[in-house]
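What follows is the residue order along each chain.
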Amino acid sequence: MRLPFSVILATLGILIGVGATFFLRTQLTDALNPVAEAILGLPIRSNVFIYVFLPTLLFQATLGMDLRRMLDDWVPILMLAVVAVVAATLSVGYALSWVSTLPLAACLLIGAIISTTDPSAVVSIFRSISAPRRLSRIIEGESLLNDAAAIALFGLFMGFVMLGVPDPKLGDALARFPFLIAGGAATGWLAARIALGIMGMFGRHELAQISISVALPYLAYIGAEQLVGASGVIAVVAGGLTLNLAGPGRVPPQAWTNLRELWDVLAHWAGALIFILAALLVPRLLEEVRAEDVMQVGVVILAAIAARALILFVLLPLLTAVKLSPRVEQPYRVAILWGGLRGAVTLALALAVTESYRVPDDVQRVVGILATGFTLFTLIFQGTTLRWIIGKLGLDRLSPIDEALSRQVVAVALQQVREDLARTTENYELGRETVRSEAKRFGERLDDAVRTAEESADILDRDRITLGLIALAGHERDTILARVRERTISARMAERVLSDADRLIEGARSDGRNGYNRAARRNVAYGRAFRIAGFLNVRFRLSRPLANLTAAHFELLLSQRLVLRDLDGFITGRIRRIHGKRVSDLLSGLLLRRIEMVETALDGLRLQYPGYAEELERRFIRRTALRLEEREYVTIREDGLIGAEVYTKLSADLDLRRAAAEERPHLDITLQRVELVRQLPLFDGLNERDLKRLSRVLRSRYANAGDVIIRRDGAAKCVFFIASGAVEVETAGQTWRLGRGEMFGQMSILLKKRLRSEVRAIAPSTLLELDEARFRGLLERSTSLQEAVRASAEKRGISPEELFDVTDDDG
């Protein structure tokens, strides 16, 4: 039928409700009256939707999200979600207050009810037409937070209506909003952390772990609503996000996969039931419809569409202009506008209003009719025409580049098939006449494919490079999945490495080679969390966050190196056959630079933590050995050489050893710095006591490629020693590079003046900072440091005697 499934389910529910009402009231027959009474008498209450179905849908949505990739787009998601809800609520609320006699509080309540959106239709269609993944991710994230914010506002305005406050002040209404959000988030996070702790106690009992996950959203929702007085929806979302982030590292890989699959099934059932059961209520909600109600439904439709258009065609371009959001082409924005379907959540909230005895009867009637009428409009008119509109916008057709590429892929694939087919027919010794006839037929198809590919061979090299990079990043993702299945990449790292591969794909799609290189640099860079952890370590002596992040970064780099070394064969094989030697050579060069970048970052960590790299490599070998051992047990079992009892015992022992091998080794960053200082030639000649004292006062600083460490005309307050990586110094139109074991910043301190120099990192670097007073004291005691300062001064054309005269005068 090529319709969104929500439209089909809603139509089915409406037909069942209308049919039951018809048979109950008709004089034609009484035979079906018991069935009709049973259908219309179903105990469908708003609590069923809000306490049973809604947590299921929201929790599964958070578990299915790629949170690390979604965090890259948190600004547009948050802005679109929160601002869209507020805009729709205010637009519909004030528009209704001008054309109806309802109090403002009731109008704003209706606005909050209809501001929830169901993204399933537009997202499923976007996926079927290969729309940018980032666009689908933004829509999904916006819808999830949209529902949470809308339901929180619904509870707020519902309270005003029940208390009889006709015209609430907007400031008073929004002042309580932050508590609803913060309280719900804290409750959900705490519930998820408790659940994870309990799940960790049942490491070998998969069903117990899955059962705890099923209990989590309901307990979080009820706890937030009944005990804290905050938003239960936000609590469910926060609990799901916390489990999504921390669960893969706490739950065995197979158990986590089964948990996700169970939640997919539960959400599918809940989504189907919520649409059918909510649609059954439509005849009841529309029983008392009047002529003026139709006009008010029209006002709601226009106000809601206008508010969404304002977000998509004004706010989104502004976010794009300030580089906070990806560029969304106008056809996609039109599709998103028309794809803003409303569904069961809107009907469930309306039902909650009609059930409340504290809400006036006239408000109940209007809320039920307007919410139902608007939902029916979006499902019947927008839902049934969405695919047609997408076709008219041309979003369901391949771009010229993809069309040309598909023809070349067919030609290359058929050439490979011909070779394989020839070997197969020879092995099976088939009849020559049959083989010759089929070969001729296949050859004609191959000739047509080659001719078509040659006619479209005008793809620019730039586009070929982009397409090759997309294919390379896609193969990298497949390789990661294979390594995860083999357990050579840990479950804790799997989500992170896959997220990095997705970032490469999207970077190549959006900006070709530059986007791919940016994503590659970001994948090895030290993030904002590193800087925060470093600050906590220096200022408050809290070393654990920095140790955990460093260990995770170490493991990430080792996983990336493992995968990158497997990609060259894909370039020289597949990509060369489709895009040619020039493109494959260029991609090989890009891959080589990525490998060098990862190796540089790894070398820097090895210098700081020499023993830890060895521990991680030992862990990798143990995991690989366990995987091979498991494969041997399976083979012997399939050959019938051992029975089920022996195999079960062997598998149990293997699971225990695997659990121990999955544990990441502990990293003590405080014990490692002395070794790092001892390796730097600048500190030769210091005794053991001075080395330990120096290691305590040196502060680590992590810099990514491109970070400015000392700005031009800035006053240097400390000296930097390069433990790993490299920096570039630019002064007086000249540039030179410094590497491991060298220092910078000392000239400005010793000459007591600002130098017009700028220092920028050109690779992921680890720097050691020493303040001015301690540097001067160290300079007096270390002859090797004095020689390094003299050599640096001569390189810049500064007299060493002048430099040390200034130092002596200061002394």
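Keep in mind that what you see is a predicted model, and the values were worked out from it rather than measured. Position labels on residues start from 1 in each chain and follow its written sequence. Only residues with pLDDT of at least 70 are given local features in this predicted model, and only at 80 or more are side-chain atom pairs given and counted; all residues enter the totals for whole chains, interfaces and linings. For side-chain calculations, the full set of non-hydrogen atoms in the structure is used, while hydrogens and water are omitted.

**Things to note about the overall build of the protein**
Counting from the N terminus, the helices are the DSSP runs of H or I reaching at least four residues and the strands are the DSSP runs of E reaching at least two. When its secondary structure is counted, the protein shows 34 helices and eight strands. Long-range contacts, defined as pairs at least 24 residues apart, comprise 79% of the intrachain contacts of the protein with a sequence gap of at least 6. Note on areas: Shrake-Rupley, 1.4 Å probe, and residue coverage restricted to the protein chains presented here. Working note: accessible area of the protein is about 39,400 Å², and carbon and sulfur atoms make up 57% of it. Contacts between residues were defined by any pair of non-hydrogen atoms, one from each residue, lying within 4.5 Å.

**Observations concerning a positive patch on the surface**
Judged by side-chain charge, Arg689, Lys692, Arg693 and Arg696 come together as a positively charged surface patch. In this fold, Lys692 is placed in helix H30 (residues 688-697). Surface patches are defined over residues having more than 30% relative accessible area and no salt bridge, joining like charges when they lie within 9 Å and nonpolar side chains (Val, Leu, Ile, Met, Phe, Trp, Tyr) when within 5 Å. Any Lys or Arg side-chain nitrogen located within 4 Å of an Asp or Glu carboxyl oxygen qualifies as a salt bridge. For the purpose of counting charges, residues Lys and Arg are taken to be positive, whereas Asp and Glu are taken to be negative. His and the chain ends are not included. To locate a charge, take atom NZ for lysine, CZ for arginine, CG for aspartate or CD for glutamate.

**Comments concerning the sheet that holds strand E7 (residues 757-761)**
Should DSSP find at least two bridges between two strands, the strands are regarded as paired. In space, the four strands of this open sheet follow the order E2-E7-E4-E5, with antiparallel pairing throughout. If you trace the sheet from one side to the other, it starts and ends with strand E2 (708-710) and strand E5 (734-738), each paired once. Strand-to-strand twist across the sheet, computed as the mean angle between neighbouring axes with direction ignored, equals 25°. In the sheet, strand E4 (residues 727-731) pairs with E7 via five bridges, with the strands oriented antiparallel. What sits directly across from Thr731, in E7, is Ser757. Every angle, taken between N-to-C directions, lies between 0 and 180 degrees, and every axis is a line fitted to C-alpha atoms, over only the stretch in contact when it is a helix.

**Side note on a nonpolar patch on the surface**
Judged by side-chain polarity, Trp189, Leu190, Ile194, Ile198, Met201 and Phe202 come together as a nonpolar surface patch covering roughly 620 Å² of accessible area. As for its position among the elements, Leu190 is in helix H10 (residues 177-201). Whether a residue is buried, partly exposed or exposed follows from its accessible area with a 1.4 Å probe, protein chains only, as a fraction of its type maximum: under 20%, in between, or over 50%, in that order. When its relative accessible area of 46% is taken as the criterion, Leu190 is described as partly exposed.

**Re the packing of aromatic side chains**
When the centres of two rings from Phe, Tyr and Trp lie within 6.5 Å, Trp using its six-membered ring, the rings pair. Their planes under 30 degrees apart give stacked, over 60 give edge-to-face, and anything left gives tilted. Applying the stated criterion across every chain, the model contains six aromatic pairs. Relative to Tyr221, the ring of Tyr51 has its centre 5.2 Å away and its plane inclined at 75°; by these criteria the two rings are edge-to-face. Taken as a pair, Tyr51 in helix H3 (residues 46-63) and Tyr221 in helix H11 (residues 206-228) lie far apart in primary sequence, 170 residues in all. Tyr51 sits in the partly exposed class, given a relative accessible area of 29%.

**Observations regarding the sheet that holds strand E8 (residues 765-771)**
Here four strands make up an open sheet; going across it, the order is E1-E8-E3-E6 and the pairing antiparallel. Looking at the sheet topology across the chains shown, the edges are occupied by strand E1 (699-703) and strand E6 (743-744). On the sheet, helix H32 (residues 772-781) packs against strand E3 (718-724), E6 and E8 and is oriented at approximately 85° with respect to E8.

**Description of the pattern of salt bridges**
One pass over the full model with this rule turns up 17 salt bridges. Notably, a salt bridge pairs Arg365 with Asp293, separated by 2.7 Å at the nearest N-O pair. Within this pair, whereas Arg365 is found in helix H18 (residues 361-392), its partner Asp293 is found in helix H15 (residues 291-321), the two being separated by 72 residues in sequence. The exposure classification of Arg365 matches that of Asp293, with both residues buried. Put simply, Arg576, Lys581 and Asp585 are held in one network by salt bridges that share partners.

**Concerning the nonpolar core**
As used here, the term nonpolar core means buried Ala, Val, Leu, Ile, Met, Phe, Trp, Tyr and Cys residues forming a set that is joined through side-chain atoms within 4.5 Å. With 101 residues, the main nonpolar core has Val92, Leu109, Ile110, Ile113, Phe154, Leu243 and Val353 as its most contacted residues. Sort the elements by how many residues they give to this core and helix H8 (residues 133-163) lands first, with 15 residues. Beyond its immediate chain neighbours, meaning those up to four positions away, Val353 contacts Leu109, Ile113, Phe154, Met158, Val359, Gln364 and Val367. Judged by nonpolar contacts, the second largest core, of 41 residues, contains Ile465, Leu472, Leu504 and Ile595.

**Quick look at the packing of helix H5 (residues 74-99) against H15**
In contact at an axis separation of 8 Å, H5 and H15 are set at 150° when each is read in the N-to-C sense. As the angle between them shows, H5 and H15 are arranged roughly antiparallel. Once H5 is placed against H15, the crossing between them reads as right-handed. Contacts from Pro76, Met79, Leu80, Val83, Ala84, Ala87, Ala88, Ser91, Val92, Ala95, Leu96 and Val99 of H5 reach H15 at Met295, Gln296, Val299, Val300, Ala303, Ala304, Ala307, Ile311, Leu315, Leu316 and Leu319. Should an angle fall under 35 degrees it is called roughly parallel, over 145 degrees roughly antiparallel, and 65 to 115 degrees roughly perpendicular, with every other angle called oblique. It is the rotation of the near helix from the far one that decides the hand of a crossing: anticlockwise by less than a right angle makes it left-handed, clockwise makes it right-handed.

**Quick notes on H3**
Helix span, as expected, comes to 1.5 Å for every residue beyond the first. The end-to-end C-alpha distance of H3, which contains 18 residues, comes to 25 Å, matching closely the 26 Å that a straight helix rising 1.5 Å per residue would cover. Bend is computed residue by residue as the angle between axes fitted to the seven residues ending at the residue and the seven residues starting at it. Most pronounced at Phe53, the bend in H3 amounts to some 40°, and the proline Pro55 follows within four residues. Along H3, the residues that are buried comprise Ser46, Phe49, Ile50, Phe53, Leu54, Pro55, Thr56, Leu58, Phe59, Thr62 and Leu63.

**Things to note about the pairing of E4**
Judged by which residues are buried, E4 turns out to be one-sided: Val727, Val729 and Thr731 face inward and are buried, whereas Glu728 and Glu730, on the alternate face, are not. Linking E4 to E5, which pair antiparallel, is a turn of two residues; within it Ala732 sits at a positive phi near 50°.

**So, the packing of helix H21 (residues 461-486) against helix H24 (residues 544-564)**
Interhelical geometry of H21 versus H24 gives an angle of 115° and a closest axis separation of 10 Å. One finds that H21 runs roughly perpendicular with respect to H24. For the pair H21 and H24, the crossing hand works out as right-handed. On the side of H21, the interface is formed by Glu476, Thr479, Ile480 and Arg483, while H24 contributes Leu562, Val563 and Leu564.

**Focus: the side chain of Thr466**
Along the chain, Thr466 falls in helix H21. For Thr466, a relative accessible area of 17% corresponds to the buried category. Apart from the residues lying within four places of it in its own chain, the contact partners of Thr466 are Ala508 and Gly512.

**Focus: H10**
Taking 1.5 Å per residue, 25 residues should reach 36 Å; H10 reaches 37 Å between its end C-alpha atoms and fits that length. For H10, the full list of buried residues reads Phe177, Leu180, Gly183, Gly184, Thr187, Gly188, Ala191, Ala192, Ala195, Leu196 and Met199.

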